[in-house]
Amino acid sequence: TEELLRNSEKLSVAGQLAAGVAHEIRNPLTSLKGFTQFMKTGAHYKEQYLDIMMSELDRIEQIINELLLLAKPQAAAFQQRPLSPILVHVVSLLESQANLNNIQFDTQIHGDLPSIHCEENQLKQVFINIVKNAMEAMTGGGRIQIAVEQTDPRYVTVVFSDNGPGIPGDVLKRLGEPFFTTKENGSGLGLMISQKIITEHNGRLEIKSEPDRGTVVKITLPIG
Ligand code: ADP
Ligand code: MG
């Protein structure tokens, strides 16, 4: 099974995004309103309500933060950047969390990787999203391989492979749709934002996955 996430209509329809945002924020807001009204009556105050309210507020904050990333002005700082330190930094950011979850990184990042014309922080954001998805998929631990392929002198491909549960076909079809998530606390925005950033880099994001055989995410970028 293969799904190519393209710069397709499903990613650029502002109306779909707006409807999704409205829906996603309305649920925690309704809950907050309910608890506020309830607590206003005084008699039913409970500490645990505050915890629920706090987590609803966190949810709204998370949605807003991810949307702000999308809305970020695009004349951003594109610069010539070597790929190796970017990947090394991403791995070092996530290493301790991986260790805690019994996940091993297997990386083949050498110093002579090419440079890319990129917005470094956005590219890091994409790589972090992809690796985090792999980590979140492997609740019982596993292995994440990061390799770099260069089959064409004009392009470099970063390949993220995990040996997690893989992605069933019906889920694969919907990847990149705003707010599509299979996680209880997922935002469902990670892949959509990643796709957008890679497209802005004139690159390509490709996901191959089969249930029980793990997932491979390939990001191909033009060498700057
Ligand atoms: P979120 O991580 O918030 O759910 P994403 O857009 O990052 O949103 O991912 C969407 C969905 O894609 C996830 O909920 C998960 O079902 C699936 N997914 C992404 N990467 C993987 C992976 N490496 N292994 C299994 N499932 C994955
Ligand atoms: Mg994610």
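Each remark here, short or long, concerns the structure printed above.
All chains use their own residue numbering, which begins from 1 and follows the written sequence. The lettering of chains begins at A and the numbering of ligands begins at 1, in the order of writing. Local features are withheld for residues below a pLDDT of 70 in this predicted model, meaning they are given only at 70 or higher, and side-chain atom pairs are given and counted only at 80 or more; totals for whole chains, interfaces and linings count all residues.

**Student:** Sorry, what's going on with the overall build of the protein here?
**Tutor:** Looking only at helices and strands, the protein has seven helices and eight strands in total. Counting other C-beta atoms within 10 Å of a residue's C-beta gives its exposure: the residue is buried at 20 or more, exposed at 12 or fewer, and partly exposed in between, where C-beta atoms are placed from the backbone. Looking at the protein as a whole, 24% of its 224 residues are labelled buried. This entry defines residue contacts through backbone-placed C-beta atoms, with two residues in contact when those atoms are within 7 Å. For the protein, long-range pairs separated by at least 24 residues make up 74% of all intrachain contacts whose partners lie at least 6 apart in sequence. Only DSSP runs of H or I reaching four residues or more are called helices, and only runs of E reaching two or more are called strands; each is numbered from the N terminus.

**Student:** Is there a simple way to explain the environment of Leu-191 in this structure?
**Tutor:** Within the fold, Leu-191 resides in helix α7 (residues 190-200). Here Leu-191 falls in the buried class, since 24 other C-beta atoms lie within 10 Å of it. In the structure, Leu-191 is positioned 64 residues away from Phe-127 in sequence and 10 Å away in space, judged by C-alpha atoms.

**Student:** Would you take a moment to explain the site of ligand 1 for this structure?
**Tutor:** Any residue whose C-beta atom, as set from the backbone, lies within 6 Å of a molecule or strand is reported as near that molecule or strand. Surrounding ligand 1, one finds 20 residues, the nearest of these being Asn-133, Ala-137, Thr-181, Gly-186 and Gly-190. Where the shell around ligand 1 is concerned, the elements lending two or more residues are α5 (120-137) and α7. The element that contributes the greatest number of residues to the shell around ligand 1 is α5, accounting for four residues. Split by residue class, the shell around ligand 1 holds eight nonpolar, 10 polar and two charged. Basically, the charged four are Asp, Glu, Lys and Arg, the nonpolar ten are Ala, Val, Leu, Ile, Met, Phe, Trp, Tyr, Cys and Pro, and anything else, Gly included, counts as polar.

**Student:** How should the pairing of strand β4 (residues 115-118) be read in this particular structure?
**Tutor:** Two faces, one strand: in a regular strand the side chains alternate between the faces of the sheet. On β4, burial follows the alternation: Ile-116 and Cys-118 on one face are buried, whereas Ser-115 and His-117 on the facing-out side are not. We treat two strands as partners when DSSP finds at least two bridges between them. Judged from the four bridges that link them, strand β2 (residues 79-82) and β4 form a sheet pairing that is antiparallel. Bridge pairing in β4 links Gln-80 to His-117.

**Student:** Just to check I follow, could you spell out the pairing of strand β5 (residues 142-152) for this structure?
**Tutor:** Pairing of strand β3 (residues 103-107) with β5, which is carried by five bridges, proceeds in the parallel orientation. Of the residues in β5, the one forming a bridge with Gln-104 is Arg-143. Here seven bridges tie β5 to strand β6 (residues 155-162), and the two strands are oriented antiparallel to one another. Pairing of Ile-144 across the sheet is with Asp-162, part of β6. Hairpin connection, β5 to β6: the antiparallel pair is bridged by two residues.

**Student:** What's the story with the environment of Pro-85 in this structure? I'm lost.
**Tutor:** Examined against the element boundaries, Pro-85 turns out to sit in helix α4 (residues 83-100). Separated by 30 residues in the primary sequence, Pro-85 and Ser-55 place their C-alpha atoms 35 Å from one another.

**Student:** Before we go on, may I ask you to explain the nonpolar core in this structure?
**Tutor:** A general tendency of soluble globular proteins is for nonpolar side chains to be buried together. We call a set of buried Ala, Val, Leu, Ile, Met, Phe, Trp, Tyr and Cys residues a nonpolar core when their C-beta atoms link them within 7 Å. Core analysis: the largest hydrophobic core is formed by 33 residues, its most contacted members being Val-126, Phe-127, Val-131, Ala-134 and Ile-219. Elements with a minimum of two residues in this core: α4, β4, α5, β5, β6, α7, β7 (204-209) and β8 (215-222). Take this core: its biggest share by element is eight residues, from α5. In this view, Val-126 contacts Ser-194, Ile-197, Ile-198 and Ile-219; residues no more than four positions away in its chain are not counted.

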